[in-house]
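Commentary on secondary and tertiary structure
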Amino acid sequence: MSRSPHDGGPAVHPPPVALLTIDVRRDGDHRVQVCVAGELDQDTAPQLRRAVSAALRGHPAALHIDLAAVPFADSAGLHILLDTRSRLEDWGGTLTVDAGEQVRDLLRLTGTTPLFTLVDGEPGPTSKSG
């Protein structure tokens, strides 16, 4: 029998809430899409870093990161984007980012917007925009 904190028993904590959900989809060996929803900060960034690292195994030609459903991102999220871009460039891969308003603001405020190919929605096989 568990006791409540009011009668001197141990505190009962609710189960952790998933603050970030990530879905990775592969289109053969050449294209990977990472869809992210939730807050992207120092607490949740390791989860995205692991997903992106797994997505980059096999050196895909293209990686698309969908951040349209991310209402908050901080420097931890930006660092992952910059690192991912650098890793893809090592083998000539490309990165596209569907950035919601908050992520676009982060890129603009940090002066990093020109480093990324931003798209609205999932890019087609040959689409590019900047």
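For every chain, the first residue of its written sequence is number 1, and the numbers climb from 1 along that sequence. For a predicted model such as this one, the threshold for reporting local features is a pLDDT of at least 70, and the threshold for listing and counting side-chain atom pairs is 80 or more; totals across whole chains, interfaces and linings nevertheless cover every residue. Here the side-chain values reflect all heavy atoms present in the structure, with hydrogen atoms and water set aside.

Points about the confidence of the model for the protein
Rules: The predictor attaches a confidence to each residue, and that confidence, scored 0 to 100, is pLDDT. We call two residues in contact whenever any of their non-hydrogen atoms come within 4.5 Å of each other.
Per-chain confidence: the protein averages 87 in pLDDT, with 80% of residues scoring 70 or above. Ignoring residues within four places in sequence, the model shows residues 125-130, a span with pLDDT below 50, making five contacts including any to other chains.

Here we look at the environment of G58
This is how it is decided: To qualify as a helix, a DSSP run of H or I must reach at least 4 residues; to qualify as a strand, a run of E must reach at least 2; elements of each kind are numbered from the N terminus.
Relative to the elements of secondary structure, G58 occurs in the loop between α1 (45-56) and β3 (62-69). Once the C-alpha coordinates of G58 and D29 are considered, the two residues, 29 residues apart in sequence, prove to be 7.3 Å apart.

Overview of the pairing of β3
The line we're drawing: Categorising residues by exposure relies on relative accessible area from a 1.4 Å probe, with only protein chains included: less than 20% of the type maximum marks a residue as buried, more than 50% marks it as exposed, and the intermediate range marks it as partly exposed. Following DSSP output, two strands are said to pair if at least two bridges run between them. Seen with the strands pointing away from the viewer, any crossover whose path from the first strand over the helix to the second strand runs clockwise is right-handed.
Most of β3 sits inside the fold, with six of its eight residues counted as buried. Summarising the sheet, strand β2 (residues 31-38) and β3 pair through six bridges and their orientation is parallel. In the sheet register, A37 faces β3, and the bridge partner there is A69. The handedness of the β2 to β3 crossover, carried by α1, is right-handed. Note that β3 and strand β4 (residues 94-99) share six bridges and pair parallel. Among the inter-strand pairings, L63 is bridged to a residue of β4, identified as L95. The parallel pair β3 and β4, bridged by helix α2 (residues 75-90), forms a crossover whose chirality is right-handed.

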